[in-house]
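The lines below spell out each chain.
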Amino acid sequence: MPGKERIQREGAGRDQQSARPAGPGGQGRDRQRRPRERDEEREQLDERVVHVARTSKVLKGGRRFAFRAVVVVGDNHGQVGFGVGKAREVPDAVRKASEHARTHMHRIPMAGTTIPHIAVGDFSAAKVLLRPASAGTGVIAGGGVRAVLEAAGIRDILTKSQGSANILNVVAATFKALEALKDPEEEAKRRGRPAEALTPYWLRGVKDAEQQ
């Protein structure tokens, strides 16, 4: 009958509409969710403004002033990054530096609350020495080195800044030293030795006691 055929056609049309993917409205909801996820990530990360410097450029009409910001971002669990941002206003420079730091974060090998071995980093005229320390020592560092190490989640370490005192160069040298660190387990496999033999000596006794 014609009535039944029309009802069947309408039912099939509804099924096809329900099977179609979400339209522009669904995409709008996804766009609304993405900023919320980014805000949650920003709240979880430890962001530190290490230095803000005013720069000037001489032009035909006079001097043009701008600002350069150095920002360190870390999750306090072994991931850290730094960025440099330049803008005519301080908030814009900090925002640019923060975005760059978040997109260039690196995983740092750790041994408990310290680093697995001694590391040295050089950048321009700055040189930074990092040395592992036993639990309870704290972060013996200053300036940009302390900001980087605390954002990375390192709680016990000895450091020495040698050479230039330029904050940007010191921060970059600290990252060079952290990037030079090697994972004890991977290095132990490469050498064919137990991982405990490549960790600081005060941690070997702790692991043996935990196993007993």
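Our subject in this report is the structure included herewith. Predicted, not measured: the structure shown is a model, and the values here were computed from it.

Some remarks on the pairing of strand E6 (residues 126-132)
Item 1. Residues Ala 126, Val 128, Leu 130 and Pro 132 point to one face of E6 and are all buried, whereas Lys 127, Leu 129 and Arg 131, pointing to the other face, are not buried.
Item 2. Relative to E6, strand E5 (residues 119-123) runs antiparallel, the two sharing five bridges. Residue pairing across strands places Val 120 opposite Leu 129, the latter belonging to E6.
Item 3. Linking E5 back to E6 in an antiparallel pair, the connection comprises two residues, with Ser 124 at a positive phi of about 55°.
Item 4. When E6 meets strand E8 (residues 157-163), the two strands line up antiparallel, connected through seven bridges. In the strand pairing of E8, Ala 126 is matched with Gly 163.

Here's the deal with the packing of aromatic side chains
Item 1. Applying the stated criterion across every chain, the model contains one aromatic pair.
Item 2. Ring geometry for Phe 82 and Phe 175: centres 4.8 Å apart, planes at 35°, overall tilted. Of this pair, Phe 82 sits in strand E3 (residues 79-87) while Phe 175 sits in helix H5 (residues 167-179), placing them 93 residues apart in sequence.
Item 3. Judged by its relative accessible area of 21%, Phe 82 is partly exposed.
Item 4. For Phe 175, a relative accessible area of 4% gives the class buried.

Describing the environment of Arg 204
Item 1. Along the polypeptide, Arg 204 turns up in helix H7 (residues 201-211).
Item 2. What Arg 204 contacts, discounting residues up to four positions off in sequence, is Glu 196, Ala 197 and Thr 199.

Structural notes on the nonpolar core
Item 1. Ranked by internal contacts, the top residues of the largest apolar core, which has 28 residues, are Val 80, Leu 130, Leu 149 and Leu 178.
Item 2. Looking at this core, the elements that each hand over two or more residues are strand E2 (62-74), E6, helix H4 (143-152) and H5.
Item 3. Counting residues per element, this core draws most heavily on H5, which supplies seven residues.
Item 4. Core analysis: the next-biggest nonpolar cluster, separate from the first, contains eight residues, Val 73, Ala 87, Val 94 and Ala 97 among them.

Some remarks on helix H6 (residues 184-191)
Item 1. Every buried residue of H6 is listed here: Pro 184, Glu 187 and Ala 188. Each buried residue of H6 sits inside an arc of 105° when the element is viewed along its axis, so together they form one side. Every exposed residue of H6 that faces more than 90 degrees away from the buried side is listed here: Glu 185, Glu 186, Lys 189 and Arg 190.
Item 2. At the C-terminal side of H6, Gly 192 shows a positive phi close to 75°.

Quick look at the sheet that holds E3
Item 1. Across the sheet, four strands lie side by side as E1-E2-E3-E4; this open sheet has antiparallel pairing. This sheet does not close on itself; its edge strands, each paired only once, are strand E1 (46-59) and strand E4 (106-107).
Item 2. The pairing of E2 with E3 spans eight bridges and is classified as antiparallel. Directly across from Val 73, in E3, lies its bridge partner Gly 81.
Item 3. Where helix H3 (residues 90-103) meets the sheet, it contacts E1, E2 and E3, and its direction lies at approximately 145° from that of E3.

Thresholds applied
Residues numbered from 1 in each chain as written. Predicted model: local features only at pLDDT ≥ 70, side-chain atom pairs only at ≥ 80, totals over all residues. Heavy atoms only, no water. Buried < 20%, exposed > 50% of the residue type's maximum accessible area, 1.4 Å probe, protein only. Helix = DSSP H or I, 4+ residues; strand = E, 2+ residues; numbered from the N terminus. Pairing = 2+ DSSP bridges. Phe/Tyr/Trp six-rings, centres within 6.5 Å; stacked < 30°, edge-to-face > 60°. Contact = heavy atoms within 4.5 Å. Core = buried A, V, L, I, M, F, W, Y, C linked by side-chain atoms within 4.5 Å. Arc of directions from axis to C-beta. Axes fitted to C-alpha atoms, helices over the stretch in contact; angles between N-to-C directions.

Limitation: the analysis is restricted to geometry and does not speak to function.
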